[in-house]
Each structure stands twice: as C-alpha cells, then as structure tokens.
Amino acid sequence: MASVGTAGAAVTRELTAELRGFREVQRLSYACAEAVAAQLKPGVTEREAARMQREWLYERGVKDWFHRPFAWFGDRTAFVDFKIPLQFFPTNRRLEPGMPFILDMAPVYKGYTADIGYSGSLGLNAVQDKLLADLREHRELILREVRERRTLREIYEDVDRLMVRQGYANRHRAYPFGVIAHRIDRVKERRWAPTLFGFGTQSLKGLASDALHGHRDGWSPLWSPYTFSDHPPVPGLWAVEPHLGFRGTGAKFEEILVVTDSRDPEQSAFWLDDDLPHVRRWNEEGTA
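In this text the structure is predicted, and so the values were computed from the model without any measurement.

Analysis parameters
Residues numbered from 1 in each chain as written. Predicted model: local features only at pLDDT ≥ 70, side-chain atom pairs only at ≥ 80, totals over all residues. Heavy atoms only, no water. Core = buried A, V, L, I, M, F, W, Y, C linked by side-chain atoms within 4.5 Å. Buried < 20%, exposed > 50% of the residue type's maximum accessible area, 1.4 Å probe, protein only. Helix = DSSP H or I, 4+ residues; strand = E, 2+ residues; numbered from the N terminus. Polar contact = N/O pair within 3.5 Å; in protein donor to acceptor, adjacent residues only side chain to side chain. pLDDT = per-residue confidence, 0-100. Contact = heavy atoms within 4.5 Å. Pairing = 2+ DSSP bridges. Axes fitted to C-alpha atoms, helices over the stretch in contact; angles between N-to-C directions. Parallel < 35°, antiparallel > 145°, perpendicular 65-115°, else oblique. Left-handed = near helix turned anticlockwise from the far one by under 90°. Nonpolar A, V, L, I, M, F, W, Y, C, P; charged D, E, K, R; others polar. Expected span 1.5 Å × (residues − 1). Phe/Tyr/Trp six-rings, centres within 6.5 Å; stacked < 30°, edge-to-face > 60°.

Colleague: Sorry if this is basic, but what is going on with the nonpolar core here?
Modeller: If you look at the biggest cluster of nonpolar residues, it comprises 68 residues, and the most contacted ones within it are Ile142, Trp223 and Leu257. Looking at this core element by element, the count peaks at nine residues for helix 2 (residues 17-39). If you look at the next biggest cluster of nonpolar residues, it comprises nine residues, including Trp72, Phe79, Phe88 and Ile102.

Colleague: When you look at the environment of Ser224 in this model, what are you seeing that I'm missing?
Modeller: Mapped onto the elements, Ser224 comes out in the loop between strand 9 (222-223) and strand 10 (236-240). As for Ser224 and Glu157, which are separated by 67 residues in sequence, their C-alpha atoms are 9.4 Å apart. One polar contact links the side chain of Ser224 to the main-chain amide nitrogen of Tyr226, over a distance of 3.0 Å.

Colleague: It is not clear to me how the confidence of the model for the protein should be interpreted in this structure. Could you clarify?
Modeller: Caution is warranted with low-pLDDT regions, since their predicted coordinates should not be read in detail. For the protein, per-residue confidence averages 90 on the pLDDT scale, and residues scoring 70 or more make up 86% of the total. In the predicted structure, residues 1-13 sits below a pLDDT of 50 and forms 25 contacts with residues beyond four places in sequence or in another chain.

Colleague: Sorry if this is basic, but what is going on with the sheet that holds strand 10 here?
Modeller: Think of a sheet as strands paired side by side through backbone hydrogen bonds, with each pair either parallel or antiparallel. Reading across the sheet, the five strands line up as 9-6-10-13-14 and stay open at both edges, with antiparallel pairing between neighbours. Sheet topology places strand 9 and strand 14 (269-271) at the edges, where each strand pairs with a single neighbour. In this sheet, strand 14 lies alongside strand 13 (residues 255-259) in antiparallel orientation, the contact comprising three bridges. In the sheet register, Val259 faces strand 14, and the bridge partner there is Ala269. Along the sheet, helix 2 makes contact with strand 6 (181-184), strand 10, strand 13 and strand 14, crossing strand 13 at roughly 165 degrees.

Colleague: Just checking my understanding: could you explain the packing of helix 2 against helix 3 (residues 46-58) for this structure?
Modeller: Relative orientation and spacing of two packed helices are given, respectively, by the angle between their axes and the distance between those axes. Helix 3 packs onto helix 2 with a crossing angle of 135 degrees between their chain directions and a minimal axis gap of 10 Å. Between helix 2 and helix 3, the angle is such that the two are oblique. Here helix 2 and helix 3 pass one another in a crossing that is right-handed. Of helix 3, the residues touching helix 2 (which contributes Leu28, Ala31, Cys32, Ala35, Val36 and Gln39) are Ala49, Met52, Gln53, Trp56 and Leu57. Along the lines of polarity and charge, the residues of the contact of helix 2 with helix 3 split into nine nonpolar, two polar and no charged.

Colleague: Is there a simple way to think about the environment of Asp158 in this case?
Modeller: If you trace the backbone, Asp158 turns up in helix 5 (residues 152-166). When the C-alpha positions of Asp158 and Glu145 are compared, they lie 9.2 Å apart, and in sequence the two are 13 residues distant. In this structure Asp158 touches Leu141, Glu145 and Arg150, once residues within four positions along its chain are discounted. Of the polar contacts made by the side chain of Asp158, one reaches the side chain of Arg161; its length is 2.5 Å.

Colleague: Looking at this structure, how should I read the sheet that holds strand 12 (residues 249-252)?
Modeller: Taken together, the three strands give an open sheet; going across it, the order is 5-11-12, and neighbouring strands pair in antiparallel fashion. Edge positions in the sheet fall to strand 5 (169-170) and strand 12, since each has one partner strand and no second.

Colleague: Just checking my understanding: could you explain helix 5 for this structure?
Modeller: Counting along an α-helix, one turn takes 3.6 residues, and residues three or four places apart therefore face a common direction. The end-to-end C-alpha distance of helix 5 is 21 Å, a good match for the 21 Å that 15 residues give at a rise of 1.5 Å each. Those residues of helix 5 that fall on the buried side of the exposure criterion are Leu152, Ile155, Tyr156, Asp158, Val159, Asp160, Leu162, Met163 and Gln166. Among the structural elements, helix 4 (126-147), strand 5, strand 9, strand 10 and strand 11 (243-246) are those in contact with the buried residues of helix 5. Phi for Gly167, located one or two positions after helix 5, is positive at around 90 degrees.

Colleague: Please explain the packing of aromatic side chains as it appears in this structure.
Modeller: Here the distance between the centres and the angle between the planes together describe a pair of aromatic rings. A full pass over the atoms with the stated rule returns 15 aromatic pairs. Taking 6.0 Å as the distance between ring centres and 85 degrees as the angle between the ring planes, the aromatic pair formed by Trp223 and Trp238 counts as edge-to-face. One end of the pair, Trp223, is in strand 9; the other, Trp238, is in strand 10, with 15 residues separating them in the sequence. With respect to burial, Trp223 and Trp238 carry one shared label: buried. Summarising the aromatic geometry, the rings of Tyr226 and Phe228 are spaced 6.2 Å apart at their centres and angled 45 degrees between planes, so their arrangement reads as tilted.

Colleague: Before we go on, may I ask you to explain the pairing of strand 6 in this structure?
Modeller: The side chains of a regular strand alternate between the sheet's two faces. Across the two faces of strand 6 the burial is the same, with Ala181 and Arg183 and His182 and Ile184 all buried. Pairing between strand 6 and strand 10: four bridges, direction antiparallel. Note that in strand 10 the partner of Ala181 across the bridge is Val240.

Here you go:
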C-alpha cells in the first residue's frame, strides 16, 4: 500500500527556505506533543499538561505564540457541552487510565508559525483508535477537493457528510466561527511577545490584517461553514483540523496545508509534511 500523502512527496523534497521554516516549527510542535504525551500519568491535570508543553517549548527557544498550549481530557476531547470560549482553556480535570486526551499548541519559532493537534489516550481506548483511523479519509478528501478548487464552504460540507457516513459528530463546529482551518503566516520576532486571552498579539494582528484584506477582495482567512468562506482556496498556508466526536470521545489532527497558484494539480496543494505521528500511524497500519 502506498504511503499516505505521497502525491505531495516530490514537491516537499523541493521546499523553499520559507516552507522549511514552517516545517521545522511544525515538527518541533509534534515532538513536544509526543514528549509530553509520554510523560502523562494518572492524576495529571489539563493545566499541568498545558504547562508541560509550554516549558518544553520555552526550553527550545520558543518565545511567542499564535496561541498558548491547550490540553483536553476525557469527554472534553469531544467538547461536550462547550458553550463559551472560556471552556476551551485547560482545567483541573485529571487524567485517568484509558482516558482520551488531545494536546494542541501553536508556537512561533524563528518567526515561523505552526498550529498542531495531537490525539492519544492513557492506555488503550478502542473508540479513539477508531476515530484516529477514520481521520485518514478526511485528510485525503480535503487535499483532493482543494486541488479541484472546490470552495472552502463546499469542502467543509463534504467533510460533514463524510463524518455522518462514518457515524460521527462534527466537533470543530464548536470552535469560534465553526472553523475547520485558518490561515497562518510569518510573525515578526520581538523581544517582548505579549498574549491576549492566550493568543499572541502579533499573530492576532496578522490574522486581523488578513481578514481586512480578504473582506475587501472577497475571501476569508477562516475556513468555516458560512458564506464568507464561499470561495476557492486562497494561496497560502492553512492550519487544518478536522475533529471527530463519538459519545464523549474526540480525536483530531491539525497540520499545515500549502495552497499555491500552480496549475499542476500536485503542486497546487500539498500537505507540508508527511512525516507526522498520525501519518506514520496510518502507514504502519496499512503495512500491517
């Protein structure tokens, strides 16, 4: 069986220096997620897991954030009863054996941004394993339809339909504006990097600038189910995060999708990196 994402492999071998910078911070983020996940044990709280991510990244030179790390345990991985944005922030929920978890972080490193999501469980969790396996089809669908230049809104609706066929609930709809993805970009490095409600002010200004220019030109930096996303994919880098839920268990991945203005289908869109934990997992399952 061919490896997941091989269509973009030739392109990723020829990454520009700028794309290599984004790939470096994305790999750093996933390395952090794997390192922290390996240290989780019963009794650890979401707040402690979020702090572990921050400290790991600070020790490796991260000074700014698109957003500071999140951690969700148990039914909070499926955003059960989430009604207001404050519910996304880490709590004193404690991890228990067999419980699913999601680690989510968006650091800025050397002026480059990544936003990643890592799903796992403390011991065996057959439901989350199934969710993670079924996310593979969403990654393939999103890439295929972006290359076909379907509108973002249409792709979102197709992801929804695939979830329904799989028997799952759409949990990224619980995010602000129901986004499945958002644009990311370079962030100017500064000695002082303040945050506002957990989000880096420099990154927020960049997103606001994109929103202003996009509104004028007929596109949005937010990929949502609403009319402002009723346009084809705009070239740039998108942090994409399909999030599945089933009876109090959630799972997602989040990674960078590169969209270009190339007329070559394989170069018009590709995942920035195929050497990521969830992709390796799918390839290992395929080989088995």
